[in-house]
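A look at the structure
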Amino acid sequence: MTIKNRLWALASLLSAVLFMVSAAWFRDFQGFDPARFPVEVRDHPIQPAGYTFSIWGLILIWLVLGAGFGLLRRSGDGDWAEMRPWMTATLILGAMWLPVASLSPLLATTLLWLMLVASLRTLFRTGDTDRWLQQGPVAILAGWLTAAACVATGVVLGGYGLPLTPVALLMLCVAVGIAVTVQYRLHRAPEYGVTLIWALTGIIVGNTAPVNAAVTLLCIGGIIAIMSVRATDTE
């Protein structure tokens, strides 16, 4: 088992590095090209303000640091073992995402949902040791993917002609529903909820000119709901 654990530790680090390299290689990617859709939408109400995406730098660095620590100091540790296969799968999909997103928004959105599922499986399998290097990066990645998958779906649906505000409200309800469910069942990993709050705040900022009252109020309600779930935790 120790050899197997060490191989998965190496795979986790290599996939994290590959994910970072892919992000650096496609650093000029600015989101789905509206021209690829039947209806060109330049300002979708579900899209967060541009500064929100800066969180990717933190996610990528934290993932590499965590995986590197895991390989160097915890390669044979059983507490890290259960989450590593799912983490590796998540990061390999992540390394594929930007190349695919530049070609096919539909396929890229599908990949985001697969990444979200894999990242949540990873999060629920993280151990109790080295919280900031094992659980922390997984939680923030899963939180951001929860928002990203729902935002991407909203953008795609809007690009195929569905009304923008109703689509935004629907996908925000999905995002908040996933977030509240995960945070309630997990009762740890506050980084997950904080990341969702970061994304929802970015959507509020993105809807200030002009103000979309319905989207803004739903985001505020989502933030309150996530914070309320966290307030019930005793761990």
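The notes below deal with the structure included here. (Residues numbered from 1 in each chain as written. Predicted model: local features only at pLDDT ≥ 70, side-chain atom pairs only at ≥ 80, totals over all residues. Heavy atoms only, no water.)

Concerning the nonpolar core
- Judged by nonpolar contacts, the single largest core of 66 residues is most densely connected at Phe32, Trp97, Leu112, Leu123 and Tyr192.
- For this core, the secondary-structure elements that each account for two or more residues are α1 (2-25), α2 (55-73), α4 (84-101), α5 (105-124), α6 (131-159), α7 (164-186), α8 (190-206) and α9 (213-231).
- Of all the elements, α6 adds the most residues to this core, at 15 residues.
- When neighbours within four sequence positions are excluded, Leu123 is seen to be in contact with Gln135, Val138, Ala139, Ala142, Leu186, Arg188, Ala189 and Tyr192. (Core = buried A, V, L, I, M, F, W, Y, C linked by side-chain atoms within 4.5 Å. Buried < 20%, exposed > 50% of the residue type's maximum accessible area, 1.4 Å probe, protein only. Helix = DSSP H or I, 4+ residues; strand = E, 2+ residues; numbered from the N terminus. Contact = heavy atoms within 4.5 Å.)

With respect to a nonpolar patch on the surface
- Where nonpolar side chains cluster on the molecular surface, the patch consists of Tyr51, Trp198 and Val205 and spans about 260 Å² of accessible area.
- Along the chain, Val205 turns up in helix α8. (Patch = residues over 30% accessible without salt bridge, like charges linked within 9 Å, V, L, I, M, F, W, Y side chains within 5 Å. Areas by Shrake-Rupley, 256 points an atom, 1.4 Å probe, with all protein chains shown as cover. Salt bridge = Lys/Arg side-chain N within 4 Å of Asp/Glu carboxyl O.)

Side note on the packing of aromatic side chains
- Per the counting criterion, the structure on display carries nine aromatic pairs.
- Seen in terms of ring centroids, Trp62 and Trp132 are 6.4 Å apart; in terms of plane orientation they differ by 15°. Their pairing is stacked. On the criterion of sequence distance, the pair formed by Trp62 in helix α2 and Trp132 in helix α6 is long-range, its members being 70 residues apart.
- The rings of Phe29, Phe32, Phe37, Trp97 and Tyr160 are connected pair by pair, giving a single aromatic cluster.
- Here Arg131 stacks its cationic end above the ring of Trp132, 4.5 Å away from the centre of that ring. (Phe/Tyr/Trp six-rings, centres within 6.5 Å; stacked < 30°, edge-to-face > 60°. Lys NZ or Arg CZ within 6 Å of the ring centre and 35° of its normal.)

Things to note about the environment of Trp80
- Position of Trp80 relative to the elements: it lies in helix α3 (residues 78-81).
- Trp80 has contacts with Gly66, Phe69, Gly70, Arg74, Thr129, Asp130, Leu133 and Gln134, leaving out every residue within four places of it along the chain.
- Of the polar contacts made by the side chain of Trp80, one reaches the side chain of Asp130; its length is 3.0 Å. (Polar contact = N/O pair within 3.5 Å; in protein donor to acceptor, adjacent residues only side chain to side chain.)

Distances and angles like these do not, on their own, reveal function.
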